[in-house]
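# Architecture at a glance
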Amino acid sequence: MGLSQSILDLTPMQVKEVYSWRQFYEDSEKYKFVGLLIGIYYDSDGNPTDVFAEIEEMLSLADEHQEIEKQLKREYPTCALRSRSEYTEYWCEHSQKVPRKMKSYIMDNGQRCGCFTISDAKLKEEEFELEIYDNCITANKCIIYKNSK
């Protein structure tokens, strides 16, 4: 895979991380601004291009995703996790909740572990693309061995 100037193939959160470096250099007193690079982001007059506008849209989307994720974490908290070389253990602090693999708007792999009541897990299965961890249908704690799928 060759290098590319464009970051449009990144996720919105990855674009936001790249953009944070731009902010770092803009805010730093140590690094002096010397100009803009003419190319896919700025034209010869220093004006943002259409590609830059797409980047700004992705930044806005990343902010929306972070807000959605924040709301979801309040309602469906992240599971506790312990990882060892031979297994990973997931559990929910609240004894009436069960761990489920769910869609995440901000994780690079698109998933996280969330704690659901069994009834919520059934109701929200499609909406959040919930997956049951192996041997964890009604259990509050699940151990997933590294050699299992």
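Within each chain, residue numbers correspond to sequence positions counted from 1 in written order. Reporting in this predicted model follows two pLDDT cut-offs: at least 70 for local features of residues, and 80 or more for side-chain atom pairs to be given and counted; totals over whole chains, interfaces and linings ignore these cut-offs and use all residues. By convention in this description, side-chain values take in all heavy atoms of the structure and omit both hydrogens and water.

### Topic: the sheet that holds strand β4 (residues 111–116)
Two strands in a sheet stick together by hydrogen bonds in their backbones, pointing the same way (parallel) or opposite ways (antiparallel). With respect to topology, 3 strands assemble into an open sheet ordered β4-β3-β5, the strand pairing being antiparallel. Since the sheet does not close on itself, it has two edges, and those belong to β4 and β5 (131–132), each with one partner. At least two DSSP bridges between two strands are needed for those strands to be called paired. A run of DSSP states H or I qualifies as a helix once it reaches four residues; a run of E qualifies as a strand once it reaches two. Both are numbered from the N-terminal end. Examined bridge by bridge, strand β3 (residues 98–103) and β5 share 2 bridges and lie antiparallel to one another. Pairing of K101 across the sheet is with E131, part of β5.

### Here we look at a nonpolar patch on the surface
Like-charged residues within 9 Å of one another, or nonpolar side chains (Val, Leu, Ile, Met, Phe, Trp, Tyr) within 5 Å, are grouped into patches, provided each residue has over 30% relative accessible area and no salt bridge. Only the protein chains shown count as cover for residues, and the accessible areas themselves come from Shrake-Rupley with a 1.4 Å probe. Here a salt bridge means any side-chain nitrogen of Lys or Arg lying within 4 Å of a carboxyl oxygen belonging to Asp or Glu. A cluster of nonpolar side chains, contributed by W21, F24, Y25 and Y31, occupies part of the molecular surface with about 460 Å² of accessible area. Position of Y31 relative to the elements: it lies in the loop between α1 (12–27) and α2 (50–75). Residue Y31 is classed as partly exposed on the basis of its relative accessible area of 37%. Buried, partly exposed and exposed residues are distinguished by accessible area as a fraction of the type maximum, computed with a 1.4 Å probe on protein chains only: under 20%, between the cut-offs, and over 50%, respectively.

### Looking at the pairing of strand β6 (residues 141–145)
Residues C142 and I144 point to one face of β6 and are all buried, whereas K141, I143 and Y145, pointing to the other face, are not buried. Sheet analysis places strand β2 (residues 87–91) next to β6, joined by 5 bridges and oriented antiparallel. Counterpart to W91 in the pairing with β6 is K141.

### Examining the state of the cysteines
Note on terminology: disulfide denotes any pair of cysteine sulfur atoms within 2.5 Å. The final tally for this structure, using the stated rule, is 3 disulfides. Residue C136 pairs covalently with C142 via a disulfide, S to S 1.4 Å. Comparing C136 with C142, the two get one shared label, buried.

### A look at the packing of aromatic side chains
Pairing of aromatic side chains here covers Phe, Tyr and the six-membered ring of Trp, requires ring centres within 6.5 Å, and sorts the geometry by plane angle: under 30 degrees stacked, over 60 edge-to-face, intermediate tilted. For the structure on display, the rule yields 11 aromatic pairs. A ring pair is formed by F24 and Y25, whose centres lie 5.0 Å apart and whose planes are at 80°; its orientation type is edge-to-face. The class of F24 is partly exposed, set by a relative accessible area of 41%. With a relative accessible area of 41%, Y25 lands in the partly exposed category.

### Structural notes on the packing of α1 against α2
To obtain each axis, a line is fitted to C-alpha atoms, and for helices this fit is confined to the stretch in contact; angles are then taken between N-to-C directions over 0 to 180 degrees. Where α1 contacts α2, the two axes come as close as 8 Å, and the packing angle between them is 110°. With respect to their mutual orientation, α1 and α2 come out roughly perpendicular. Both α1 and α2 take part in a crossing whose hand is left-handed. Within the contact between the two elements, α1 uses P12, M13, V15, K16, Y19 and R22 and α2 uses F52, I55, M58, L59, L61, A62, D63, H65 and Q66. The residue inventory of the contact of α1 with α2, partitioned by class, reads 10 nonpolar, 2 polar and 3 charged. Here the angle decides the label: under 35 degrees means roughly parallel, over 145 means roughly antiparallel, 65 to 115 means roughly perpendicular, and every other value means oblique. Crossing handedness: left-handed means the near helix sits turned counterclockwise from the far one by under a right angle, and right-handed means the same turn made clockwise. Residue contacts are defined here by distance: any two heavy atoms, one from each residue, within 4.5 Å place the two residues in contact. Here the nonpolar group is Ala, Val, Leu, Ile, Met, Phe, Trp, Tyr, Cys and Pro; Asp, Glu, Lys and Arg are the charged ones; every other residue, Gly included, is treated as polar.

### Topic: the pattern of salt bridges
One side chain can pair with another of opposite charge once the charged atoms of both are near each other. Tallied over the full model, the rule gives 9 salt bridges. The closest approach of N and O atoms between K70 and E67, which form a salt bridge, is 3.8 Å. Within this pair, K70 and its partner E67 are both found in helix α2, separated by 3 residues, close to a single helical turn. Residues E127 and K124 are paired through a salt bridge, measuring 3.6 Å at the closest nitrogen-oxygen approach. Residue classification places K124 among the partly exposed residues on the basis of a relative accessible area of 21%.

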